[in-house]
Amino acid sequence: MELTRFEKEMLDGKHGEPRRFAMDQQLKVGEFFDAERFVEVSQVHLMSDSEATGNAGIELMEEFVSHGPSACRVLVPTVTDPCSVDKHLGDSMKQPAHATEYENRIAAALTQMGIMRTATCINYQTVLPPLLREHVAFGDTGSVIYANSVCGARSNFEGGSAALWAALTGRVPAYGFHLDERRRANRHFRLDFQPEGWTDWGALGALVGREMKSYWEVPVISNVQCAPTSDDLKHFGAALASFGSTPMFHIAGVTPEAATLEIACGGKAPEAEVISRDTLSAFFDSYNQDRKIDLVVFSAPQLSLFELQKLESALNGRKIAEGMRVFATTSPEVASGARRIGLLDKITATGTTVVEGTCFYQMYAREIGKANGWKRIATNSAKLSNIISGYGYDPVLIPLERCIETAVKGELA
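Residues numbered from 1 in each chain as written. Predicted model: local features only at pLDDT ≥ 70, side-chain atom pairs only at ≥ 80, totals over all residues. Heavy atoms only, no water.

1. A word on the side chain of threonine 255
Its location among the elements puts threonine 255 in the loop between strand S8 (250-251) and helix H11 (261-265). With relative accessibility at 5%, the residue threonine 255 sits in the buried group. Separated by 3.0 Å, the side chain of threonine 255 and the backbone nitrogen of isoleucine 251 make a polar contact. For threonine 255, the residues in contact, after removing those within four places along its chain, are Ser149, Phe249 and His250. (Helix = DSSP H or I, 4+ residues; strand = E, 2+ residues; numbered from the N terminus. Buried < 20%, exposed > 50% of the residue type's maximum accessible area, 1.4 Å probe, protein only. Polar contact = N/O pair within 3.5 Å; in protein donor to acceptor, adjacent residues only side chain to side chain. Contact = heavy atoms within 4.5 Å.)

Have a look at this one:
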């Protein structure tokens, strides 16, 4: 790879061991993907929850910190994905004993490295959305696909340690979705219906994601006649990335690099694969429809202020059924705004628990499920319905309004 003078200095250790280590790791990644150079990034989104990081990751960050501020402080603005613990909840979730200790150690290390603990997966809605052609290093799959597709920025999946290397060096290898040729659509899906609401958009993302055969396939969706909102595309992209490990999509006439179908594809579009309303309905029907439900969860991604407002409106002051638990996760910034305008108090007065700064599946979901006897879960998030089954839960995917009716009645509505 062709290196600049500063990159060579970092690799030679002239700017401290943490940067040398990070550059060495990135160089190996770049060589593996035949990258010719690095690109500078403007911001980093780092996954640093204690369940994913583990003790080994925490010890590595603490070792970096031991080299002093000049060697370990990040070179570009860096924010974090949700953590694993909401301290407002105390011990009510019955998380593992080490969870809070791990989170405290992570917080101390990140602070000394100059990393802002925003604890959000919707940084593109609540912190600073990147712009067209801006190179970034995002870790969470939902944030990557939104940045690439909706914002027109450029990032690969920089999960876990890879985002930390980017933060320490301000660079990533120039491969994959940083390059024009990788961003062109090579799969075409045509809708013969129009999605209605967030859950439809999430289910559509799941259907497209299940058809993806590799990281390098980029779908384009045509015949979208409605004007999707940020939250619509948030649910669509998060599900697509979850079901398909896909970092980018286009919607003809909607997303910034798809003014037309032909522009999205860089020429003639591939033959269309049609997705019908019947196919979408069959996807919903594929979930277990047993009426017993233990908890209702609005999470993955975290909720925007608009989503919290719709949640409060659907609850309309009604109380959650006895024995039922309802969780709604959001970012600290959104929670603060909702609290300021009185929205949070209205939601929690119904018995709903608003979880700040984490996401349900990142809260040691398997352990808290066993400790609390939770098995059957209702959610309006297609992404969560996909992930949570891997933690031992039996999910059903239904729209927000039906989730609320389920929570109030105490069984699947």
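2. Side note on the packing of helix H3 (residues 50-65) against helix H5 (residues 99-112)
Close contact between H3 and H5 brings their axes to 9 Å; oriented N to C, the two are set at 40 degrees. In terms of axis orientation, H3 runs oblique to H5. Here H3 runs over H5; the crossing is left-handed. Contacts between H3 and H5 involve Ser50, Thr53, Gly54, Asn55, Ile58, Glu59, Met61, Glu62 and Val65 on the former and, on the latter, Ala99, Tyr102, Glu103, Arg105, Ile106, Ala109, Leu110 and Gln112. In terms of residue class, the contact of H3 with H5 is built from eight nonpolar, five polar and four charged. (Axes fitted to C-alpha atoms, helices over the stretch in contact; angles between N-to-C directions. Parallel < 35°, antiparallel > 145°, perpendicular 65-115°, else oblique. Left-handed = near helix turned anticlockwise from the far one by under 90°. Nonpolar A, V, L, I, M, F, W, Y, C, P; charged D, E, K, R; others polar.)

3. Topic: H5
When the terminal C-alpha atoms of H5 are compared, their 20 Å separation across 14 residues agrees well with the 20 Å that a helix rising 1.5 Å per residue should span. Glycine 114 lies just past H5 and shows a positive phi near 80 degrees. (Expected span 1.5 Å × (residues − 1).)

4. What about the sheet that holds strand S13 (residues 376-379)?
In spatial order, the strands read S12-S11-S10-S13-S14; together these five strands make up an open sheet with parallel pairing. Two strands close off the open sheet at either side, each with one partner strand: strand S12 (353-356) and strand S14 (394-397). Neighbour-to-neighbour, the strand axes of the sheet open up by a mean angle of 25 degrees, direction not taken into account. Bridge count between strand S11 (residues 325-330) and S12: four bridges; the pairing is parallel. By the bridge assignment for S12, threonine 330 is matched with glutamate 356. Set on the sheet, helix H18 (residues 400-409) makes contact with strand S10 (295-303), S11 and S13; between it and S10 the angle comes to about 145 degrees. (Pairing = 2+ DSSP bridges.)

5. Side note on the sheet that holds strand S6 (residues 187-191)
Taken together, the four strands give an open sheet; going across it, the order is S8-S7-S6-S9, and neighbouring strands pair in parallel fashion. With one partner strand each, in any of the chains shown, S8 and strand S9 (273-275) form the two edges of the open sheet. By the bridge criterion, four bridges tie S6 to strand S7 (residues 219-222) in an arrangement that is parallel. Bridging from a neighbouring strand, arginine 187 pairs with proline 219 of S7.

6. A few points about a nonpolar patch on the surface
On the surface, Val29, Phe32 and Phe33 cluster together into a nonpolar patch covering about 290 Å² of accessible area. Assignment of secondary structure puts phenylalanine 33 in the loop between helix H2 (17-32) and strand S1 (38-40). (Patch = residues over 30% accessible without salt bridge, like charges linked within 9 Å, V, L, I, M, F, W, Y side chains within 5 Å. Areas by Shrake-Rupley, 256 points an atom, 1.4 Å probe, with all protein chains shown as cover. Salt bridge = Lys/Arg side-chain N within 4 Å of Asp/Glu carboxyl O.)

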